[in-house]
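So you can see what is in the structure, the chains are spelled out below.
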Amino acid sequence: MIRTRETSKLQFKQQLTHDDALAAEIVAMSNSLGGMILLGVKDRTGEIVGIDLQQDTNERISNIASTKIIPPVYVQTEVLSVGNEGSVKDVLIIHVPAG
């Protein structure tokens, strides 16, 4: 479990669902101070559930940030593997720069 709550600079998403919803999160964050979106973490509880990373996940996120947002926002992503042997869950971190 993540021991912090969501803030204007940190948002949790259980999974990558709708492109437009992620674009709205990126825009809101970029229009303020920037921040991070963690995919694979439950919104309300901060419980790490992990995300099933598809081969095109990073490309999909980059496309959302560059084609659904004008002007484009250039995000960076990284994968953080959390847990013990036999119980590792992946969390995808989207770094959103301040705009």
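The notes below deal with the structure included here. Given the structure is predicted, the values throughout are model-derived calculations rather than measurements.

### What about the pattern of salt bridges?
Applying the stated criterion across every chain, the model contains 4 salt bridges. The salt bridge partner of Lys-13 is Glu-25, with a shortest N-O separation of 3.1 Å. Of the two residues, Lys-13 sits in strand β1 (residues 10–13) while Glu-25 sits in helix α1 (residues 19–30), which places them 12 residues apart along the sequence. The shortest N-O distance in the salt bridge between Asp-19 and Arg-60 comes to 2.7 Å. Taken as a pair, Asp-19 in helix α1 and Arg-60 in helix α2 (residues 57–67) lie far apart in primary sequence, 41 residues in all. A residue is classified by how much of its surface remains accessible, and Asp-19, at 26% relative accessible area, is partly exposed. Arg-60 sits in the partly exposed class, given a relative accessible area of 28%.

### Topic: α1
An α-helix turns once every 3.6 residues. As a result, residues three or four positions apart point the same way. Compared with an ideal rise of 1.5 Å per residue, which puts 12 residues at 16 Å, α1 spans 16 Å between its outermost C-alpha atoms and is within 8% of the ideal. For α1, the set of buried residues is Leu-22, Ala-23, Ile-26, Met-29 and Ser-30. What you see down the axis of α1 is that its buried residues fit within an arc of 130 degrees, all on one side. Against β1, β2 (35–39), α2 and β4 (87–96) lie the buried residues of α1.

About the thresholds
Residues numbered from 1 in each chain as written. Predicted model: local features only at pLDDT ≥ 70, side-chain atom pairs only at ≥ 80, totals over all residues. Heavy atoms only, no water. Salt bridge = Lys/Arg side-chain N within 4 Å of Asp/Glu carboxyl O. Helix = DSSP H or I, 4+ residues; strand = E, 2+ residues; numbered from the N terminus. Buried < 20%, exposed > 50% of the residue type's maximum accessible area, 1.4 Å probe, protein only. Expected span 1.5 Å × (residues − 1). Arc of directions from axis to C-beta. Contact = heavy atoms within 4.5 Å.

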